[in-house]
Amino acid sequence: MVRMNFSCGDHVMYANYGVCEIVAIEQRPDFQDPSKTLSYYSLAPLNERLGKVLLPESRLDALRPTISNQEALDLIDNVEVISIDAFTDKSHKAIEDHFRALLRSNDIEDIICVVKSMHSRIMEQTECGKHPSTSYLRLEKEARKRFHSELAYALAIEEDDVEDFIKSRIEH
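Residues numbered from 1 in each chain as written. Predicted model: local features only at pLDDT ≥ 70, side-chain atom pairs only at ≥ 80, totals over all residues. Heavy atoms only, no water.

Engineer: Got a minute to help me understand the layout of surface pockets in this structure?
Structural biologist: Where empty space is left can be seen by rolling a probe of water-molecule size over the atoms. Looking at the largest pocket, its volume works out to about 370 Å³. Lining the largest pocket are 14 residues, with Val 79, Val 115, Lys 116, Arg 144 and Glu 163 positioned closest to its centre. Mapped by element, the contributors of at least two residues to the lining of the largest pocket are α3 (108-127), α4 (134-155) and α5 (162-171). Counted by class, the lining of the largest pocket contains seven nonpolar, two polar and five charged residues. (1 Å grid on protein atoms, 1.4 Å probe; cavity = no way out; pocket = protein on both sides within 12 Å on 5 of 7 lines; lining within 4 Å. Points joined across faces, edges and corners; volume = space filled by probe spheres on them. Helix = DSSP H or I, 4+ residues; strand = E, 2+ residues; numbered from the N terminus. Nonpolar A, V, L, I, M, F, W, Y, C, P; charged D, E, K, R; others polar.)

See below:
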């Protein structure tokens, strides 16, 4: 993976917290070897009240630039061509781990794939008269939140308005 250069004030997508602003880059002692100093990125999640997150420079691969307004519109226009992941296994844990790995990739198309895959599986279970799997519901909720968070930022709209925006754009 190509290492990105980020600066204070940049907005980035951090897999664990969504869209964040880089508010500081600080030199701090290494926890394992206090005689060394490391660069740490201080991130402020935009949509959470979690305070700040410190990320060591060695973990910058967990960040990526946020998508642009045009990239967001292109994603919405092409969401239908993003495939559903048909991964299956006898172990529910293996299935959940597979989809969690897609979320950890922090790739926007993988996140959409998880939303679509979980939605499809939930609908299948519901149509068969079964209660949807709790893990499917959790995965869909988490992936949808990440997707909507980034779209809201890119499109300069509220997260609550993303679903309606997508529907109106697809209908036209």
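Engineer: Help me understand the pattern of salt bridges in this model?
Structural biologist: Side chains bearing opposite charge may pair, as long as their charged atoms lie close to each other. Using the criterion set out here, one finds 11 salt bridges in the structure. The partner of Arg 100 in a salt bridge is Glu 96, with the nearest N and O atoms 3.4 Å apart. Of the two residues, Arg 100 and Glu 96 both sit in helix α2 (residues 92-104), four residues apart, roughly one turn of that helix. A relative accessible area of 22% means that Arg 100 is categorised as partly exposed. Across the pair Glu 96 and Arg 138 runs a salt bridge whose closest N-O atoms are separated by 3.4 Å. You can see Glu 96 sitting in helix α2 and its partner Arg 138 sitting in helix α4, a full 42 residues away along the chain. In the salt-bridge network here, residues are joined through shared partners; they are Glu 96, Arg 100, Arg 138, Glu 142 and Arg 146. (Salt bridge = Lys/Arg side-chain N within 4 Å of Asp/Glu carboxyl O. Buried < 20%, exposed > 50% of the residue type's maximum accessible area, 1.4 Å probe, protein only.)

Engineer: Looking at this structure, I do not really get the sheet that holds strand β2 (residues 18-29). What am I missing?
Structural biologist: Strand pairing within a sheet occurs via backbone hydrogen bonds; the two strands may be parallel or antiparallel. One open sheet accounts for five strands, arranged β4-β3-β2-β1-β5; its pairing is antiparallel. Strand pairing shows two members of the sheet lacking a second neighbour, β4 (53-56) and β5 (63-65), which therefore form its edges. On average, adjacent strands in this sheet sit at an angle of 50° to one another, irrespective of strand direction. The pairing of strand β1 (residues 11-14) with β2 spans four bridges and is classified as antiparallel. Following the sheet pairing, Val 12 is matched in β2 by Cys 20. (Pairing = 2+ DSSP bridges. Axes fitted to C-alpha atoms, helices over the stretch in contact; angles between N-to-C directions.)

Engineer: Would you mind showing me how to read α2 here?
Structural biologist: Because the α-helix completes a turn every 3.6 residues, residues three or four places apart line up on one side. Taking 1.5 Å as the rise per residue, α2 with 13 residues should run 18 Å; its terminal C-alpha atoms sit 18 Å apart, in good agreement. Within α2 the residues assigned to the buried category are Ile 95, Glu 96, Phe 99, Leu 102 and Leu 103. Buried residues of α2, viewed axially, fall in a sector of 115°; they line one side. Residues Lys 93 and Arg 104 are exposed on α2 and point more than 90 degrees away from its buried face. Where α2 begins, the side chain of Ser 91 points an oxygen toward the backbone nitrogen of Lys 93, at a separation of 3.2 Å. Just downstream of α2 lies Asn 106, where phi reads positive at about 65°. (Expected span 1.5 Å × (residues − 1). Arc of directions from axis to C-beta. Polar contact = N/O pair within 3.5 Å; in protein donor to acceptor, adjacent residues only side chain to side chain.)

Engineer: I would appreciate a short explanation of the pairing of β1 in the present structure.
Structural biologist: Two faces, one strand: in a regular strand the side chains alternate between the faces of the sheet. What sits between β1 and β2 in their antiparallel hairpin is a turn of three residues. When β1 meets β5, the two strands line up antiparallel, connected through three bridges. Within the sheet, the bridge partner assigned to Tyr 14 lies in β5 and is Leu 63.

Engineer: How should the environment of His 92 be read in this particular structure?
Structural biologist: Positionally, His 92 belongs in helix α2. As for His 92 and Pro 29, which are separated by 63 residues in sequence, their C-alpha atoms are 41 Å apart.

Fair warning: the whole summary comes from geometry, so function is off the table for now.
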